Amino acid sequence: MSKILWLPVQFLLTCAGLFLFSAAGSLLFYDHELVIHIAKYLHTLKQIFHDVLNPESISIIVDDNGKSYPIFPMLLQLFGYSFLLLVTAFSIAVVVSAVVSYLIMFLPRWAKRVCMRVLDLFDSLPDVMIVVLLQLFIIWLFKKTDILMFDIYKLGEDKIYVLPIVCLAVLPIAFLTKNFLFQIREEEDKPYVEYSFSKGFSKAYTLWVHLFRNVWVQFYYHIKPIFLLMLSNLLIIEILFNINGFMFVLLKTATAEPSAFFIGMLMIYVPFFIIFSIGRVLLTKTIGGEVEV
């Protein structure tokens, strides 16, 4: 319970850290040599604090034409599009990895080893290579069949969804499937599995109803690393698909508009902190004891 009560303090400390980090671009200055510019850093922090209290004064540059837009509602629109891609890809990754790991458990041992090697291969591929290979495949297929399955590049005001979501889901699928299989193997030796078989339940029922129920609890411990992985991949995908999305614009504001950068980081941190905290409380009540996530 004490760790749950610590959550508000953790939230405030993290927000303070993001506030101090948002002005880091003004801390270092190069003039014949690298200099730490404390006065400019403090001035930037003061300006950020003032702008956050008056967000209507903040503007951001989204397009290459250099036109400025008010931070709201523009940042909210970008956030909605980018995180629709992120949440959809995450949901697909969870469902696909759960089904794939479930099916792999019924394969013979040699086939399981082959599947693990394939998963290791996908897990080791760089994000950029996956995106480029998929784009090249779509182009090759279009040349051969004159059928353009998916848009591979954002042009104008059009939004693309399918290919960015697929690219964003590939690595989490490999990571989650390996994790699910590892956790299932750990749970297979537990007494309740043998008890389930002794009661006459099939392997399919025991695996899906009993084993996976406990595996889902362990899955929660890996949500944050997966989220951070997909968040960094989202930036790469926005760049490669020419998407002026939330992460790409946030990167541009890091030095150009520290106030917008700070607000953007809060827009990422606050909702997901709430989601993770609620999950932590529910999980603590479900399994008992304290949960460190």
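Described below are features of the structure shown in this document. (Residues numbered from 1 in each chain as written. Predicted model: local features only at pLDDT ≥ 70, side-chain atom pairs only at ≥ 80, totals over all residues. Heavy atoms only, no water.)

It is worth spelling out the pattern of salt bridges at this point. This structure, assessed with the given rule, holds one salt bridge. Across the salt bridge formed by Lys178 and Asp120, the nearest N and O atoms sit 2.8 Å from each other. With Lys178 in helix α7 (residues 162-188) and Asp120 in helix α5 (residues 109-124), the pair connects residues that are 58 residues apart, well separated along the chain. Residue classification places Lys178 among the partly exposed residues on the basis of a relative accessible area of 23%. (Salt bridge = Lys/Arg side-chain N within 4 Å of Asp/Glu carboxyl O. Helix = DSSP H or I, 4+ residues; strand = E, 2+ residues; numbered from the N terminus. Buried < 20%, exposed > 50% of the residue type's maximum accessible area, 1.4 Å probe, protein only.)

As enumerated under the stated definition, the model contains 15 aromatic pairs in all. For the pair Tyr81 and Tyr161, a centre-to-centre distance of 5.4 Å together with 90 degrees between the ring planes defines the contact as edge-to-face. Linking Tyr81 in helix α4 (residues 71-104) with Tyr161 in the loop between α6 (127-145) and α7, this pair joins segments that are 80 residues apart in sequence. Using a relative accessible area of 6% as the deciding quantity, one classes Tyr81 as buried. Here Tyr161 falls in the partly exposed class, since its relative accessible area comes to 35%. With a centroid separation of 6.1 Å and 75 degrees between ring planes, the pair formed by Phe227 and Phe276 is classed as edge-to-face. A residue pair is termed long-range when its members are at least 10 positions apart, and Phe227 in helix α10 (residues 223-240) and Phe276 in helix α12 (residues 258-287) qualify at 49 residues. You can call Phe276 buried: its relative accessible area is 13%. Counting every residue linked through ring pairs, the aromatic cluster contains Phe79, Phe83, Phe227, Phe246, Phe272 and Phe276. (Phe/Tyr/Trp six-rings, centres within 6.5 Å; stacked < 30°, edge-to-face > 60°.)

Bringing the nonpolar core into the picture now. Across soluble globular proteins, you tend to see nonpolar side chains buried next to one another. By size, the foremost hydrophobic cluster in this structure holds 73 residues, and its most contacted members are Leu75, Phe83, Leu86, Phe241, Phe246 and Ile268. For this core, the element with the most residues is α4, which contributes 15 residues. Leave out the neighbours within four places in its chain, and Phe246 touches Leu75, Leu78, Phe79, Ser82, Phe83, Glu238, Gly264, Met267 and Ile268. (Core = buried A, V, L, I, M, F, W, Y, C linked by side-chain atoms within 4.5 Å. Contact = heavy atoms within 4.5 Å.)

A cis amide bond links Phe72 to the next residue, Pro73, at an omega of 15 degrees. Although it is not a glycine, Asn242 sits at a positive phi angle of roughly 60 degrees. Along the chain, Asn242 turns up in the loop between α10 and α11 (246-256).

Among the surface-exposed residues, Val128, Met129, Val132, Leu133, Leu136 and Ile139 lie close enough to one another that they form a single nonpolar patch of about 470 Å² accessible area. Along the chain, the position of Leu133 falls in helix α6. Taking the relative accessible area as the measure of exposure, Leu133 reaches 47% and is therefore partly exposed. (Patch = residues over 30% accessible without salt bridge, like charges linked within 9 Å, V, L, I, M, F, W, Y side chains within 5 Å. Areas by Shrake-Rupley, 256 points an atom, 1.4 Å probe, with all protein chains shown as cover.)

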